[in-house]
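Listed here are the chains, written in short residue letters.
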Amino acid sequence: MLHLALTGNIASGKSTVAALLAARGATIIDADVLARAAVAPGTAGLEAVLERFGSGVLAPDGSLDRAALRQRVFRDPVARDALNAIVHPAVRRLRDAAVASAAERGDRIVISDIPLLFEVGLEHAFDGVILVDAPEPVRLARLVHDRGLAPADAQAMIDAQWPAERKRAGATWTVENNGSRDALSAQVDALWTDIETRAAAPRPAM
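Residues numbered from 1 in each chain as written. Predicted model: local features only at pLDDT ≥ 70, side-chain atom pairs only at ≥ 80, totals over all residues. Heavy atoms only, no water.

**Student:** I'm lost on helix α2 (residues 31-38) in this one. Help?
**Tutor:** Residues three or four positions apart in an α-helix share a direction because the helix packs 3.6 residues into each turn. Those residues of α2 not exposed but buried are Ala31, Leu34, Ala35 and Ala38. An end-on view of α2 places all buried positions within 100° of arc, on one side of the element. Each element contacted by the buried residues of α2 is listed here: β2 (27-30), α3 (44-53), α5 (77-105) and β3 (109-113). Sitting at the head of α2, Asp30 places a side-chain oxygen 2.8 Å from the backbone nitrogen of Asp32. (Buried < 20%, exposed > 50% of the residue type's maximum accessible area, 1.4 Å probe, protein only. Helix = DSSP H or I, 4+ residues; strand = E, 2+ residues; numbered from the N terminus. Arc of directions from axis to C-beta. Contact = heavy atoms within 4.5 Å. Polar contact = N/O pair within 3.5 Å; in protein donor to acceptor, adjacent residues only side chain to side chain.)

**Student:** Help me out: how do you make sense of the pairing of strand β1 (residues 2-8) in this one?
**Tutor:** Most of β1 is tucked away, with 7 of its 7 residues classed as buried. Residues Leu2, Leu4, Leu6 and Gly8 point to one face of β1 and His3, Ala5 and Thr7 to the other, with burial holding for every one of them. Pairing of β1 with β3 involves 5 bridges; the strand directions are parallel. When the bridges of β3 are listed, Ala5 appears paired with Ser112. In terms of strand pairing, β1 meets strand β4 (residues 129-133) through 4 bridges, oriented parallel. Across the sheet, residue Ala5 finds its bridge partner in β4, namely Val129. (Pairing = 2+ DSSP bridges.)

**Student:** Could you clarify how one ought to interpret the side chain of Arg95 in this entry?
**Tutor:** Of note, Arg95 is situated in helix α5. For the buried Arg95, which has no salt bridge, the nearest side chain bearing the opposite charge is Asp96, at an N-O separation of 5.1 Å. (Lys, Arg positive; Asp, Glu negative; His and termini not counted. Salt bridge = Lys/Arg side-chain N within 4 Å of Asp/Glu carboxyl O.)

**Student:** How should the packing of helix α6 (residues 136-146) against helix α7 (residues 151-159) be read in this particular structure?
**Tutor:** Packed helix pairs are characterised by how far apart their axes lie and by the angle those axes make with each other. Contact pair α6 / α7: the axes reach a minimum separation of 9 Å and the direction vectors enclose 130°. Judged by the inter-axis angle, α6 sits oblique to α7. For the element pair α6 and α7, the recorded crossing hand is right-handed. Residues Glu136, Arg139, Leu140, Leu143 and Val144 of α6 pack against Pro151, Ala154, Gln155 and Ile158 of α7. The residue inventory of the contact of α6 with α7, partitioned by class, reads 6 nonpolar, 1 polar and 2 charged. (Axes fitted to C-alpha atoms, helices over the stretch in contact; angles between N-to-C directions. Parallel < 35°, antiparallel > 145°, perpendicular 65-115°, else oblique. Left-handed = near helix turned anticlockwise from the far one by under 90°. Nonpolar A, V, L, I, M, F, W, Y, C, P; charged D, E, K, R; others polar.)

**Student:** Looking at this model, I keep getting lost on the sheet that holds strand β5 (residues 173-176). Mind explaining?
**Tutor:** Where strands meet in a sheet, backbone hydrogen bonds hold them as pairs that are either parallel or antiparallel. Strands sit in the order β2-β3-β1-β4-β5 across an open sheet of 5 strands; the sheet is parallel. Unpaired on one side and paired on the other, β2 and β5 mark the two borders of the sheet. The sheet shows a mean angle of 25° between the axes of neighbouring strands, direction not considered. As paired elements, β2 and β3 share 4 bridges and run parallel to each other. Across the sheet, residue Ile29 finds its bridge partner in β3, namely Ser112. Most of the contacts of α2 go to β2, to which it runs at about 45°, and overall it touches β2 and β3.

**Student:** What is the right way to read the packing of aromatic side chains from this model?
**Tutor:** Within a pair of aromatic rings, the relevant descriptors are the distance that separates the centres and the angle that separates the planes. Throughout the structure, instances matching the rule amount to 1 aromatic pair. Just above the ring of Phe53 sits the side chain of Arg52; from NZ or CZ to the centre is 4.8 Å. (Phe/Tyr/Trp six-rings, centres within 6.5 Å; stacked < 30°, edge-to-face > 60°. Lys NZ or Arg CZ within 6 Å of the ring centre and 35° of its normal.)

**Student:** Explain the pattern of salt bridges to me, please; I cannot follow it from the model alone.
**Tutor:** Close approach of charged atoms lets side chains of opposite charge pair. A complete count under the given rule lists 10 salt bridges for this structure. For Arg24, the salt bridge goes to Asp189, with nearest N and O atoms at 2.8 Å. You can see Arg24 sitting in the loop between α1 (14-23) and β2 and its partner Asp189 sitting in helix α9 (residues 181-200), a full 165 residues away along the chain. Residue Arg24 is classed as partly exposed on the basis of its relative accessible area, which comes to 22%. Through salt bridges with shared partners, one network takes in Asp32, Arg36 and Arg66.

Honestly, that's just the spatial picture; any functional story needs more than this.
Dropping the structure here:
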């Protein structure tokens, strides 16, 4: 099994690339889905978040109010680190279980979608890293116009992550998502060909 990481800064289009790779046959393990499961109602993760941040981040239905929590952490590095310390270990356990299940099924190409791959130092845990990138002004515009965020809030979310230039040095492949959907799809076609070649190549026994 070839296990790759997919990452990209906010509004880079990483989810779109993940969907294109899934359509070509990859098994996608989505960190955002796992993060939601880690703090679902009734979990120890949600209890820990409420203990640290208070009931103000709890929605009326008993689930985590992610928008309220985001407002708390993106402008406060200490709070963000506290949240990561709660969520990341739980997500790691869920991801390990999903990877084990994929291996048992005999899945050939598994891609873990991890937004903060480099920030948490996981880039060396995979057989390769796919980075999706777009210029910062493009990503800022997407956050403001597509997601309805205030420019200051959008900029704070961008600033909370490493700059893409720093991540490019550690990426195996970089997908440039600053053009049309057709151009992006063509890049993913070329990427998929390269991934399949790598998956077919013999790898040293661990």
